[in-house]
Amino acid sequence: GPQFGQVVVLFGASGDLARRKLLPGLYHLCNAGFIPSCRIVGVSLDDMDADGFRQLARKALDEFGSRRVSDADWQAFAGNLDYVALADGAAALQAAVARAEEAMGVESRRLHYLSVPPSAALSAVRMLGQAGLVERSRIVMEKPFGVDLASAVSLNSQLHEVFAEEQIFRIDHFLGKEPAQNILAFRFANGLFEPIWNRNFIDHVQIDVPETLGLGPRSGFYEQTGAYRDMVVTHLFQILAFMAMEPPTALEPAPISEEKNKVFRSMLPIQPEHVVRGQYAGYRQEEGVDPTSETETFIALKCFIDNWRWAGVPFFLRTGKRMAEGQRIISIAFREPPKSMFPPGSGVGAQGPDHLTFDLADASKMSLSFYGKRPGPGMRLDKLSLQFAMHDTGMLGDVLEAYERLILDAMRGDHTLFNTAEGIERLWQVSTHLLEAPPPVRLYPPGSWGPKSIHQLIAPHAWRLPF
Ligand code: BG6
């Protein structure tokens with residue numbers, strides 16, 4: 001673990017992400033001994049005291065934590081929690097951090113976690129500057145980083161007035177998922193697929209992340225954000241980069257970022273006519289939502305990486321709320337063989353092309369689907385598959401969740417799984433056409449796969465999901 005005592009200053013401490021992931025994650029890291037000594041100072045707009053914050057944290061652990069919390073463990077953790085209301089200002093924050101450091105009595109480092117919407121990020125950064133909490137500090141910036149190119153450029157430059165680049169960790173929790181990192185292992189540790197990982201053999205790629213979840217208490221944030229900013233320009237493009245990048249010269253932050261950024265540089269601007277924006281019926285009636293809202297709760301798009309390896313290969317991305325199923329898959333469709341000798345009606349090709357699928361569910365799964373002969377007279381083909389599930393290997397043990405892994409990496413100063421200013425700015429640049437001239441939102445029934453036009457978008461191919 002990190003060698004120093006850690007003071008975590010958690011902005012947005014009462015928000016959805018803090019309650020769902022960050023507080024349970026920090027609890028697990030402390031409880032399991034990954035962080036030798038840790039104090040957490042919550043900060044948010046809410047007017048409460050340290051006891052109020054402890055209650056909130058306890059509820060969050062009970063509701064969202066994956067482990068039962070014993071009373072003794074809770075007491076040990078709760079003693080490390082403190083709270084400052086934003087209204088109390090920089091001096092109160094400085095005093096709370098000083099108290100925490102004194103209580104730990106060891107040399108400490110600070111991790112400032114900004115779990116706040118883009119509009120609030122800068123004032124939190126300034127408050128840290130005013131409070132003198134820059135030295136011995138690292139800062140984690142949640143996504144989305146800005147809301148467009150101009151705001152990201154300005155956020156980066158104002159951030160750099162307070163923090164040096166090596167102190168900044170732009171997080172994208174999809175990169176902390178085990179199966180996402182397994183894409184790198186799969187691609188770069190094996191000879192089998194390396195020769196065919198390009199436009200000559202791959203017909204198209206799908207990155208499909210439907211969610212069944214609605215928005216609930218997040219609709220205020222989401223109204224300003226929408227599916228594209230919440231999921232595509234962030235998580236889905238990061239996964240795309242892992243799928244598409246060239247082998248880095250080393251598994252280190254700079255070479256990895258360089259290869260990812262080359263993918264982003266090669267992306268063609270997203271064309272609004274290659275985008276389907278959807279909104280589930282009933283969204284406008286939800287609390288906190290404008291009754292005439294044009295915010296998309298669903299998006300599907302086609303994009304291209306115009307480089308030597310991928311020119312002409314469409315990448316289809318889709319994600320949305322209140323859809324039929326929760327899935328996170330990447331599916332690579334191979335090109336048809338040059339000639340088919342199978343008689344019409346044999347079934348060849350009838351179930352789409354042969355393909356390789358990565359499932360980004362919490363434990364990696366993979367499958368390779370191919371046509372094979374169905375036993376019996378004649379030559380009838382069926383789609384068969386080879387399946388791998390990490391779950392069956394017995395190797396899973398007590399795995400760190402994505403956020404836990406990344407928080408620990410940030411505490412250790414390891415940037416490998418974080419994003420650079422350049423990469424993020426380029427992704428906003430690629431998005432500019434779309435953000436300036438978004439196609440109208442189309443309604444879709446909750447529990448469906450999105451508006452009907454998703455089929456035209458992908459034709460003559462078909463969405464791999466539902467399985
Ligand atoms: C978050 C988005 O970053 O990722 C949410 O803001 C989304 O809208 C979530 O539901 C999905 O993450 P996961 O890890 O559950 O796939």
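Values in this document were obtained by computation on a predicted structure and should not be read as measured data.

Asks: Please explain the overall build of the chain as it appears in this structure.
Replies: Helix and strand counts for the chain stand at 13 helices and 15 strands. Across its three principal directions, the C-alpha atoms of the chain cover 80 × 50 × 40 Å. Relative to its 467 residues, the chain shows a buried fraction of 53%. Across the chain, contacts joining residues at least 24 apart in sequence account for 76% of those joining residues at least 6 apart. Entry remark: accessible area of the chain is about 20600 Å², with carbon and sulfur atoms responsible for 53%.

Asks: Even after reading the chapter, I still don't get empty space enclosed by the protein, so can you show me in this structure?
Replies: The method is simple in principle: a probe with the dimensions of a water molecule rolls over the atoms, and the space it marks as empty is what remains. Scanning the model with the defined rule gives three cavities of 30 Å³ or more in all. Its boundaries defined by the atoms lining it, the largest cavity holds a volume of some 130 Å³. Together, 15 residues line the largest cavity, and K143, F145, V233, T234 and I424 are the ones closest to its centre. Put simply, the parts of the chain that give the lining of the largest cavity at least two residues each are α9 (226-244) and α12 (421-436). Of the residues in the lining of the largest cavity, the class split is eight nonpolar, three polar and four charged. A volume near 50 Å³ is recorded for the second largest cavity. Contributing to the lining of the second largest cavity are L114, V116, P117, P118, A121, M141, E142, P144, F145, G146 and L155.

Asks: I tried to follow the packing of aromatic side chains on my own but got confused; where do I start?
Replies: Think of a pair of aromatic rings as described by two things: how far the centres are apart, and how the planes are tilted against each other in angle. Summed over all chains, the structure comprises 13 aromatic pairs. Here F316 and W463 contribute two aromatic rings whose centre-to-centre distance is 6.2 Å and whose plane-to-plane angle is 70°, an arrangement assigned as edge-to-face. Residue F316 is found in strand β10 (residues 315-320), and its partner W463 is found in the segment after α13 (454-458); the two are separated by 147 residues along the sequence. A connected cluster of aromatic rings, assembled from ring pairs, spans F186, F193, W197 and F358. The ring of F4 carries the charged tip of R109 above its face, separated from the ring centre by 3.9 Å. The cationic tip of K177 hangs over the ring face of F174; the distance from NZ or CZ to the ring centre is 4.7 Å.

Asks: It is not clear to me how the sheet that holds strand β6 (residues 168-170) should be interpreted in this structure. Could you clarify?
Replies: Remark on secondary structure: sheet strands pair via backbone hydrogen bonds, oriented parallel or antiparallel. Taken in spatial order, the six strands make up an open sheet running β3-β2-β1-β4-β5-β6, and their pairing is parallel. The strands lining the two open edges of the sheet, one partner per strand, are β3 (81-85) and β6. Sheet twist, expressed as the mean angle between neighbouring strand axes with direction ignored, is 20°.

Asks: Is there a simple way to explain the side chain of D82 in this structure?
Replies: Summarising the element assignment, D82 is placed in strand β3. Residue classification places D82 among the buried positions, given a relative accessible area of 17%. Sequence-distant contacts of D82, defined by excluding residues within four places in its chain, comprise I40, V41, G42, A50, F53, A96 and R99.

Asks: Looking at this structure, I do not really get the sheet that holds strand β8 (residues 275-280). What am I missing?
Replies: Read from one edge to the other, the open sheet built from nine strands follows the order β14-β13-β12-β11-β7-β10-β9-β8-β15, with strand pairing classed as mixed. The strands lining the two open edges of the sheet, one partner per strand, are β14 (381-389) and β15 (441-444). If you compare each strand with its neighbour and ignore which way they point, the axes differ by 20° on average. Of the strand pairs in this sheet, strand β11 (residues 329-334) and strand β12 (residues 355-359) are connected by five bridges, and their pairing is antiparallel. Residue pairing across strands places I330 opposite F358, the latter belonging to β12. Running over the sheet, helix α7 (residues 178-188) touches β11, β12 and β13 (365-373) and is turned about 140° from β12.

Asks: What is the right way to read the UniProt feature "binding site: NADP(+)" (unreviewed entry) in the chain from this model?
Replies: Here the UniProt feature "binding site: NADP(+)" (unreviewed entry) sits at G12, A13, S14, G15, D16, L17, A18, R19 and K143. Set against the largest cavity, the annotated residues that line it come down to K143. For S14, the position within the fold is in the loop between β1 (5-11) and α1 (16-31). Other than its neighbours up to four places away in sequence, S14 contacts R19, S44, D46, M48 and L56. Residue position: G15 is located in the loop between β1 and α1. The class of G15 is partly exposed, set by a relative accessible area of 26%.

Asks: For this particular structure, what's the right way to read a nonpolar patch on the surface?
Replies: Taken together, the side chains of F370, L384 and L386 make up a nonpolar region of the molecular surface, amounting to roughly 250 Å² of accessible area. Positionally, L384 belongs in strand β14. For L384, a relative accessible area of 35% puts it in the partly exposed group.

Asks: What am I meant to see in the pairing of β12 here?
Replies: Here is the key point about a regular strand: its side chains alternate between the two faces of the sheet. Where burial is concerned, most of β12 is hidden: five out of the five residues are buried. Direction of pairing for β12 relative to β13: antiparallel, over a ladder of five bridges. Within the sheet, the bridge partner assigned to T357 lies in β13 and is S367.

Asks: Looking at this model, I keep getting lost on helix α5 (residues 118-130). Mind explaining?
Replies: Residues spaced three or four apart along an α-helix point in a common direction, a consequence of the helix completing one turn every 3.6 residues. Within the span of α5, buried status applies to P118, A121, L122, A124, V125, M127 and L128. Each element contacted by the buried residues of α5 is listed here: β1, α4 (89-104), β4 (108-114), β5 (137-141) and α6 (149-162). Phi for G132, located one or two positions after α5, is positive at around 70°.

Asks: I tried to follow α12 on my own but got confused; where do I start?
Replies: With 16 residues, α12 extends 22 Å between its outermost C-alpha atoms, agreeing within 8% with the 22 Å of an ideal straight helix rising 1.5 Å per residue. Of all the bends in α12, the greatest, near 40°, is centred on V430. All of the buried residues along α12 are A421, G423, I424, R426, L427, W428, V430, S431 and L434.

Asks: Whenever I open this one, the side chain of E296 confuses me. Can you help?
Replies: You can see E296 is positioned in the loop between β8 and β9 (298-303). Sequence-distant contacts of E296, defined by excluding residues within four places in its chain, comprise Y222, G226, A227, Y228, R277, G278 and V441.

The rules behind the values
- Residues numbered from 1 in each chain as written.
- Predicted model: local features only at pLDDT ≥ 70, side-chain atom pairs only at ≥ 80, totals over all residues.
- Heavy atoms only, no water.
- Helix = DSSP H or I, 4+ residues; strand = E, 2+ residues; numbered from the N terminus.
- Buried < 20%, exposed > 50% of the residue type's maximum accessible area, 1.4 Å probe, protein only.
- Contact = heavy atoms within 4.5 Å.
- Areas by Shrake-Rupley, 256 points an atom, 1.4 Å probe, with all protein chains shown as cover.
- 1 Å grid on protein atoms, 1.4 Å probe; cavity = no way out; pocket = protein on both sides within 12 Å on 5 of 7 lines; lining within 4 Å.
- Points joined across faces, edges and corners; volume = space filled by probe spheres on them.
- Nonpolar A, V, L, I, M, F, W, Y, C, P; charged D, E, K, R; others polar.
- Phe/Tyr/Trp six-rings, centres within 6.5 Å; stacked < 30°, edge-to-face > 60°.
- Lys NZ or Arg CZ within 6 Å of the ring centre and 35° of its normal.
- Pairing = 2+ DSSP bridges.
- Axes fitted to C-alpha atoms, helices over the stretch in contact; angles between N-to-C directions.
- UniProt positions renumbered as here; feature names shortened; annotations may be inferred.
- Patch = residues over 30% accessible without salt bridge, like charges linked within 9 Å, V, L, I, M, F, W, Y side chains within 5 Å.
- Salt bridge = Lys/Arg side-chain N within 4 Å of Asp/Glu carboxyl O.
- Expected span 1.5 Å × (residues − 1).
- Bend = angle between axes of the 7 residues up to and from the residue.

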